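# Analysis of the macromolecular model
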Amino acid sequence: MSELSHPNVLACRARGASGGVKYIVSEWIDGPTLEDYLLVRGTPPLELFFKIAREVAFGLKAIHEQGLIHRDISLSNILLRRASYDAVVADLGIAVGPGDAAAQAK
């Protein structure tokens, strides 16, 4: 993931382990998840709906081009930048890559 750089995918800034605990440091997105947006504001205007859908598709395409499969795309894993409502795909915690054939078959 750390090699992936795309405006519609949450950036990984660092990763490591400390005291036997693995961690990932990602960029901060100052805005709601798509799930929270829908709960508070309801259905977005059609233009914004298509903008978000297009940006999620671009983010997933970038992930797939790295040979990864997200496997957990949901409303809570799509973040929206507060000022622009740009969509950012997040939480690749259960993503699998080309070497994970058994996991991809599930």
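Keep in mind it's a predicted model, so treat the numbers as computed, not measured.

Within the chain, residue pLDDT values average 85, and 83% of them lie at 70 or more. Model confidence for the chain, summarised as mean pLDDT per element, is weakest for helix α3 (residues 101-104) at 48 and strongest for helix α1 (residues 34-41) at 97.

Attention now goes to the environment of A90. As for its position among the elements, A90 is in the loop between β4 (87-89) and α3. Residue classification places A90 among the buried positions, given a relative accessible area of 7%. With 80 residues separating them in the primary sequence, A90 and L10 have C-alpha atoms 5.2 Å apart. Apart from the residues lying within four places of it in its own chain, the contact partners of A90 are L10, H70, N77 and L79.

The next point concerns the packing of aromatic side chains. Taken as a whole, this structure holds two aromatic pairs when the rule is applied. Measuring from centroid to centroid gives 5.5 Å for Y37 and Y85, while their planes differ by 75°, and the two rings are edge-to-face. Taken together, the residues Y37 in helix α1 and Y85 in the loop between β3 (78-80) and β4 connect sequence positions 48 residues apart. Judged by its relative accessible area of 5%, Y37 falls in the buried class.

Turning next to the pairing of strand β2 (residues 21-26). Every regular strand shows the same layout, with side chains that alternate between the two sheet faces. Little of β2 is tucked away, with zero of its six residues classed as buried. Sheet analysis places strand β1 (residues 12-18) next to β2, joined by six bridges and oriented antiparallel. The residue of β2 that forms the bridge with A17 is K22. The loop that links β1 with its antiparallel partner β2 comprises two residues; one of these, G19, has a positive phi angle of about 60°.

Further remarks concern the side chain of T33. Note on placement: T33 falls in the loop between β2 and α1. According to the relative accessible area criterion, T33 is buried, its value standing at 15%. A polar contact is formed between the side chain of T33 and the backbone nitrogen of D36, at a distance of 3.0 Å.

A cluster of nonpolar residues, L46, F49 and F50, forms a patch on the protein surface that exposes about 340 Å² of accessible area. As for its position among the elements, F49 is in helix α2 (residues 46-65). Relative accessible area serves as the criterion here: at 43%, F49 is assigned to the partly exposed category.

Here we take up the pattern of salt bridges. Following the criterion strictly, the structure yields five salt bridges and no others. In this structure, R82 engages D30 in a salt bridge whose closest nitrogen and oxygen atoms are separated by 3.5 Å. Residue R82 is found in the loop between β3 and β4, and its partner D30 is found in the loop between β2 and α1; the two are separated by 52 residues along the sequence. The exposure class assigned to D30 is partly exposed, which follows from its relative accessible area of 45%.

Cut-off values and rules
Residues numbered from 1 in each chain as written. Predicted model: local features only at pLDDT ≥ 70, side-chain atom pairs only at ≥ 80, totals over all residues. Heavy atoms only, no water. pLDDT = per-residue confidence, 0-100. Helix = DSSP H or I, 4+ residues; strand = E, 2+ residues; numbered from the N terminus. Buried < 20%, exposed > 50% of the residue type's maximum accessible area, 1.4 Å probe, protein only. Contact = heavy atoms within 4.5 Å. Phe/Tyr/Trp six-rings, centres within 6.5 Å; stacked < 30°, edge-to-face > 60°. Pairing = 2+ DSSP bridges. Polar contact = N/O pair within 3.5 Å; in protein donor to acceptor, adjacent residues only side chain to side chain. Patch = residues over 30% accessible without salt bridge, like charges linked within 9 Å, V, L, I, M, F, W, Y side chains within 5 Å. Areas by Shrake-Rupley, 256 points an atom, 1.4 Å probe, with all protein chains shown as cover. Salt bridge = Lys/Arg side-chain N within 4 Å of Asp/Glu carboxyl O.

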